[in-house]
Amino acid sequence: MVLFIFFVWMLKLGRSEFHPQFPNYQVLLPHILCSRKFMFQAFKQFFFVEIQCEIAANAEMIIQRVVLNSRPGKNGVPVAENFRLEQSTIADTVQAGQVRVKTLYLSVDPYMRCRMNEDTGSDYLQPWQLSEVADGGGIGVVEESKHQNLARGDFVTSFTWPWQTAAILDGDLLQKLVPQLVNGRLSYFLGAAGITGLTALLGVREKGHVATGANQTMVVSGAAGACGSLAGQIGRLEGCSRVVGIAGTDEKCSVLVQEMGFDAAINYKKGDVAKQLRELCPRGVDVYFDNVGGDISDTVISQMNQNSHIILCGQISQYNKDVPYPPPLPPDTEKIQKERNITRERFLVLNYMDKQEASVLQLCQWIQEGKLKVRETVVEGLANIGAAFQSMMNGGNIGKQIVLVSK
Ligand SMILES: NC(=O)c1ccc[n+]([C@@H]2O[C@H](COP(=O)([O-])OP(=O)(O)OC[C@H]3O[C@@H](n4cnc5c(N)ncnc54)[C@H](OP(=O)(O)O)[C@@H]3O)[C@@H](O)[C@H]2O)c1
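The rules we used
- Residues numbered from 1 in each chain as written.
- Predicted model: local features only at pLDDT ≥ 70, side-chain atom pairs only at ≥ 80, totals over all residues.
- Heavy atoms only, no water.
- Salt bridge = Lys/Arg side-chain N within 4 Å of Asp/Glu carboxyl O.
- Helix = DSSP H or I, 4+ residues; strand = E, 2+ residues; numbered from the N terminus.
- Buried < 20%, exposed > 50% of the residue type's maximum accessible area, 1.4 Å probe, protein only.
- Axes fitted to C-alpha atoms, helices over the stretch in contact; angles between N-to-C directions.
- Parallel < 35°, antiparallel > 145°, perpendicular 65-115°, else oblique.
- Left-handed = near helix turned anticlockwise from the far one by under 90°.
- Contact = heavy atoms within 4.5 Å.
- Nonpolar A, V, L, I, M, F, W, Y, C, P; charged D, E, K, R; others polar.
- Arc of directions from axis to C-beta.
- Near = heavy atom within 4 Å.
- Polar contact = N/O pair within 3.5 Å; in protein donor to acceptor, adjacent residues only side chain to side chain.
- Areas by Shrake-Rupley, 256 points an atom, 1.4 Å probe, with all protein chains shown as cover.
- Domains from an automatic or database assignment.
- Patch = residues over 30% accessible without salt bridge, like charges linked within 9 Å, V, L, I, M, F, W, Y side chains within 5 Å.

A. Representation of the pattern of salt bridges in the model. Inspection of the entire model under this criterion finds 20 salt bridges. Ionic pairing is found between Glu376 and Arg185, a salt bridge with its closest N-O pair at 3.9 Å. Note that Glu376 is positioned in strand β14 (residues 376-380) and Arg185 in the loop between β7 (175-176) and α5 (195-207), a separation of 191 residues in sequence. With relative accessibility at 43%, the residue Arg185 sits in the partly exposed group. Of the charged contacts, one joins Glu238 and Arg205 as a salt bridge, the two residues approaching to 2.9 Å between their closest N and O atoms. Placement of the pair is Glu238 in helix α6 (residues 226-238) and Arg205 in helix α5, with a sequence separation of 33 residues. Among the residues examined, Arg205 registers a relative accessible area of 37% and is labelled partly exposed. It is possible to trace a salt-bridge network through shared partners that takes in Arg65, Arg84 and Glu86.

B. Fine view of the packing of α5 against α6. Contact geometry for α5 and α6: axes closest at 8 Å, N-to-C directions at 40°. Looking at the two axes, α5 sits oblique to α6. Of the two possible hands of crossing, α5 and α6 adopt the one that is right-handed. Contacts from Thr196, Gly197, Thr199, Ala200, Leu201, Val204 and Arg205 in α5 reach Ala226, Cys227, Leu230, Ala231, Ile234, Gly235 and Glu238 in α6. For the contact of α5 with α6, the residue count by class is 8 nonpolar, 4 polar and 2 charged.

C. Fine view of helix α10 (residues 331-339). Listing the buried residues of α10 in full gives Thr333, Ile336 and Gln337. Down the axis of α10, the buried side of the element spans an arc of 100°, and every buried residue falls inside it. Every exposed residue of α10 that faces more than 90 degrees away from the buried side is listed here: Pro331, Asp332, Lys335, Lys338 and Glu339. Next to the buried residues of α10 lie α9 (294-301) and β13 (343-346). Two residues or fewer past α10, Asn341 is found with a positive phi of approximately 55°.

D. The arrangement of the site of the ligand in detail. Close to the ligand lie 26 residues; Cys227, Lys252, Tyr268, Tyr319 and Val349 are nearest. Here a nitrogen atom of the ligand and a backbone polar atom of Cys313 are 2.9 Å apart. Contact with the protein chains hides 88% of the accessible area of the ligand, taken as 910 Å² for the molecule alone. Each residue belonging to the shell around the ligand can be placed in one class, and the counts come to 14 nonpolar, 11 polar and 1 charged. Each of domain 1 (61-191 + 374-404) and domain 2 (199-353) accounts for three or more of the residues forming the shell around the ligand.

E. Looking closely at a nonpolar patch on the surface. Side chains of Tyr124, Phe159 and Leu350 sit close together on the surface and give an oily, nonpolar patch of about 270 Å² of accessible area. Position of Phe159 relative to the elements: it lies in strand β5 (residues 155-162). For Phe159, a relative accessible area of 42% translates into the label partly exposed.

Take a look at the structure:
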């Protein structure tokens, strides 16, 4: 049988590959059969092709992935070229307990800046390794499953999703998503109904001391970013009577007031922030949701009331500096903080994961009711994830920055 196939294949080969100018192989048959050199080559090619097909069928699938190309250095500004797109492979078969997923969305976040350093400065963050695939929040769809609770077509998420177009993952480490909870907007599970929304909600609830009817004024820095845009709205939903945002462009300020229901917004790159704050917060500041630190925070703290509260969410203005987290306040600001008994406890959303489920349901309910307005900046293509990260670190996004990998 094999010999017969070989014979027929050899004739076809004689016609189409070796002698394309002679389409009628019968004319060539004597020549083909007499050529020992040809016979040897044909034999070799026949089995080589067979073996290759075998490998392709069993072993690997070609994917695209993004690795860390270089480190910006602790005091450097990260750029797109710190990442590199390359082709790689994954196994074509999944083992028991595993699933093969296609990546749909990836998240880029400020904390990733620390992962670009050899030493992240925190015990809960691992550094990315040079030439190894980066990872973070991601969403995908199951294409093949050998996990008892996951089936083909399920949407799943993880905090440690590899930056690649497809992957084989441990099913136990994935959370199944219910798209109906977010009106089918799956990417919201990386933002408003994901870790970003949880950060805003739990930050306000755990550290904000917001009380309905207390007539509190809240100020949010980094207000048009992913966390900030939600934190201000949540502050209002939880009872603050006045919410003022601080952001870096007029467009962002306009979105905050027109779309997100902030009472006012200050463009910190224009004019006198302290003066505008005094005008816009005539009763002083009771709650400060701090995303940025630095000069902006010193200015806000100087206008905070006695027994008021800072929600120490992040200090993005300090992330390209080799300083400890949280960075100590300058002496004058620290004096004010102590004299006015302003709380400034470190907040880390990961410490409140026991409240995750109930909090996500709360966020989804607000989204469905239209009480929480969501903005996303979507960048298309895995190849552009480095540029998306760079842009996000420079404040280029409104709301959550998402990378769409495949539809
Ligand atoms: N504690 C936690 O558990 C937790 C969890 C998640 C995130 N975070 C932190 O929360 C903060 C916000 O995260 P995110 O996801 O909302 O990020 P994001 O979407 O990038 O928003 C950050 C905002 O800060 C502003 N900003 C950037 N650099 C600034 C600077 N030097 N001075 C003033 N403003 C600057 C940016 O725009 P403009 O400058 O144009 O206003 C941007 O809108 C980050 O510090 C992050 O590390 C903390």
